[in-house]
Structures are given as C-alpha cells and as structure tokens.
Amino acid sequence: MFRIDYRLSYLSVWIGRIPEYVKRGYVANYKPFLDPSTVPQIVQQSVRNVEGKACSVTRFSQKLDSEADAERVTKMFVSDPRMPVFLRMMASRKTNRGRRIMEMTESSHPVFYLGTLNDRCLMVGIVMYEPYEKVRTGSFYFDSTYIGDEFKQIMTKETEKLRGVMDGVSVAVEDILRVREHTGAE
Amino acid sequence: MQNRDHTTQSLISLYHSTPRMILYDKDLSIDDLDSDVHAVANTSSGTQLNPMEVVLESLINKLTEKISEENLTRSQDTVLLNSRFRRMAMERLVEQARADNQFLTEIHQAWLHELEEYVLHEMKGSLTADELVFRVAMRYRISTSSAARALKSTRRARSQTSET
C-alpha cells in the first residue's frame, strides 16, 4: 500500500509539472494550416478577451544547416525554463538529437509558437509540413479551455476571410515560372 | 537617385537574413498595423500601386525586426517586436516616402521582383500552392491573404511595367 501511495505521489509530482493542457488534452487542430503571421496576434487577442491580460508570444523557426547547429538549437530549447517539461523531455531524447532533428526540419519546416504570461505557459503551437501528404498541419495546445475556445472562434473568422483568397494563386505561380523560362531561354 | 537605389537595396536585403526567434511583445495588435500601413501608403503615389499595402505591411515588419536588432537584441538570431519599434519603422518609411516621390514606386517594383525570385527558388521543389503561400507569408512577414494577393499581383505588375 505504501509503495502504491509512494508511486502515485511520485507520479503526481511529474503530472503536476506537466502543463494543464496535457492533462486535459485540449487542442485545436488545423489541416491545412495556412496563416503563420497572424497567430501571435490571435493568441494575444484570445487571452485579452478571456482574461483581460496581455500575453507575449514567441515564434521559433530555423533551417538548420549542420548537425552541430541542430545540437546547439536542441540545447537552447531544452534549457529554456519556459518550455513545457514534456517538450523538453522529448527534445532531450537521444533519438531526437543532431542529424535526426536536422533531417526533420529540412523536410517539415516546422514553426513553433509559445504563449506566455509571466511564468505561465498558456499555449504551445506546432506547425509542420507533411511532405508525403503535401499538407501543412497546425496543432495548438492551451492551458485553459476558455482561451482555446476563444482562439478557435477567432481562427474560424480568419479562416472564413481566406475563403476564395487562394483562387488564382496557382495560375499566378505558373505564370511566374513560364515568364522566367521564356526570358531565360532568350 | 543613387540614394534611393541604396535605400531600396538595403530594405530588400533585410529579407536575406531571418531571425530564428521572434518575440512578440504584449502591446501588438493587427488594427495598429493597418493604420500604420495606411499612413505610409497615403503619403504619395502609394495608393496607385497594387498591392502597396502588402509591400508596406511586409517592409514595416522587417524593418521593425532590424530596428529591434540595432536597438535591443544586437543579434540577428533573436528579435523583439513591440509597438515602439514598429512606430520607428513606420516613421522611417514615411520620412523616405515624403522626401522622395518615386521611392514607393521603386520599392514596390523591387519587392515584387524579390518575391518572384523567391518563388522561382522555392518552386524548384514541387510545392503546392498552399505551402508556397505559407512560406511567402513566413518570409515576408505578411498574412496569408496578403501573400496570396501579392503572388496574384506579380502578373499585373509585370504587365504594367512592360507598358511603361
């Protein structure tokens, strides 16, 4: 009995250190995810609407050119005290070091978002390109269902605005390629 | 003329370096940026150029990063964006646009040319239109709708240039 209590209490310490969104599993998923630039403002707006406070957002993205660079970034990631424990643990696994991380970033061009309010980590977002499916996905985890819901509502409005915006992009890109091919051939 | 070329080149060269970490301070909002962009666009011939608001949105954001690097972080890797730095970026562009009537026309063309070069580079791999728009939005610090608008405008801008 003592052993079980001890194990449970030991486990609860770890669970307690993992942010709330992991326990609740509160997540907003988007596929395809298209808009990297407005995420910080949407997160800030959501937090302001729900809690009346202003939060900071960090966006992290980097093409890694060497294994050493990948190692350096991993160390930086792991040593950031604002980073949720489970992410630090994932990043510090031996199988996720160096070359593997470099290869992963080359193919998926990941973008990482972190929403913080003083020492509180209220949002983690990961946006990655799936090279096989040729689609970009975005997952955003929140420590509060209220903020998550607000974020979803604002995102829905922003997504609505994008309807029809993509029409004609493919034609424009083909045009750029064709003109260059033509001028290059001259 | 030489001064304008130099300014244009230095602004375009901002896109050649990309900080890995961007910290968005608490006092940023989309509405502020909209009004900033209009303030610059209305200074001279900006309103006749399409998509000038997109070009300015991008330039203000990149210049804000540069100002942050110069005044605060001293690092190309990490920048902090706040309303003070953005205000400074906007003021620099307004000043330039007021001092030189042709500045906006020049930077508009140079920006679209830089965008085309980037598209050509990225399309060496087989990217979908969605992913290309995402990458353009990331690189040029603009919203996705602005990125799509910019890509669609390159064709029109090219035909306008050839007419003139």
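Provided above is the structure to which this section pertains.
How each quantity is defined
Along each chain, the written sequence defines residue order, and numbers are assigned to residues from 1. As a convention, the first chain written is A and the first ligand written is 1, with the rest following in written order. Where local features are concerned, this predicted model is filtered to residues with pLDDT of at least 70; where side-chain atom pairs are given and counted, the filter is 80 or more; whole-chain, interface and lining totals use all residues. Remark: hydrogens and water are excluded; side-chain values derive from all non-hydrogen atoms of the structure. A run of H or I in DSSP counts as a helix once it spans at least four residues, and a run of E counts as a strand once it spans at least two, with each numbered from the N terminus. To sort residues, take the accessible area from a 1.4 Å probe on protein chains only and compare it with the maximum for the residue type: under 20% means buried, over 50% means exposed, and anything in between is partly exposed. What makes two residues a contact is simply this: any of their non-hydrogen atoms within 4.5 Å. Per-residue accessibility takes into account occlusion by the displayed protein chains alone, with areas from the Shrake-Rupley method and a 1.4 Å probe. What makes two strands pair is DSSP finding at least two bridges between them.

Novice: Sorry, what's going on with the overall build of chain A here?
Specialist: Within chain A, the secondary structure is distributed over eight helices and five strands. In sequence order, the secondary structure elements of chain A are arranged as α-α-β-α-β-α-α-α-β-β-β-α-α. Evaluated residue by residue, chain A yields a buried proportion of 45% over its 186 residues. Considering only residue pairs separated by 6 or more positions, chain A has 62% of its internal contacts joining residues 24 or more positions apart. As displayed, chain A offers around 10600 Å² of accessible surface, 55% of which is attributable to carbon and sulfur atoms.

Novice: Whenever I open this one, the environment of Leu117(A) confuses me. Can you help?
Specialist: Residues and elements named next belong to chain A. Assignment of secondary structure puts Leu117 in strand S3 (residues 111-117). A relative accessible area of 9% places Leu117 in the buried class. For Leu117, the residues in contact, after removing those within four places along its chain, are Glu51, Lys53, Ala54, Cys55 and Leu122.

Novice: What is the right way to look at the pairing of S3(A) in this model?
Specialist: The side chains of a regular strand alternate between both faces of the sheet. Residue and element names in this part refer to chain A. Taken across its seven residues, S3 has seven buried, putting it largely inside the fold. What you see with S3 is no split at all: Val111, Tyr113, Gly115 and Leu117 on one side and Phe112, Leu114 and Thr116 on the other are buried throughout. As judged from the five bridges shared by strand S2 (residues 56-60) and S3, these two strands associate in the antiparallel manner. The partner of Val57 across the bridge, within S3, is Gly115. Sheet analysis places S3 next to strand S4 (residues 120-130), joined by seven bridges and oriented antiparallel. Its bridge partner lying in S4, Val111 is registered against Val127. If you look at the hairpin formed by S3 and S4, you'll find two residues sitting between the two strands, and Asn118 has a positive phi there, around 55°.

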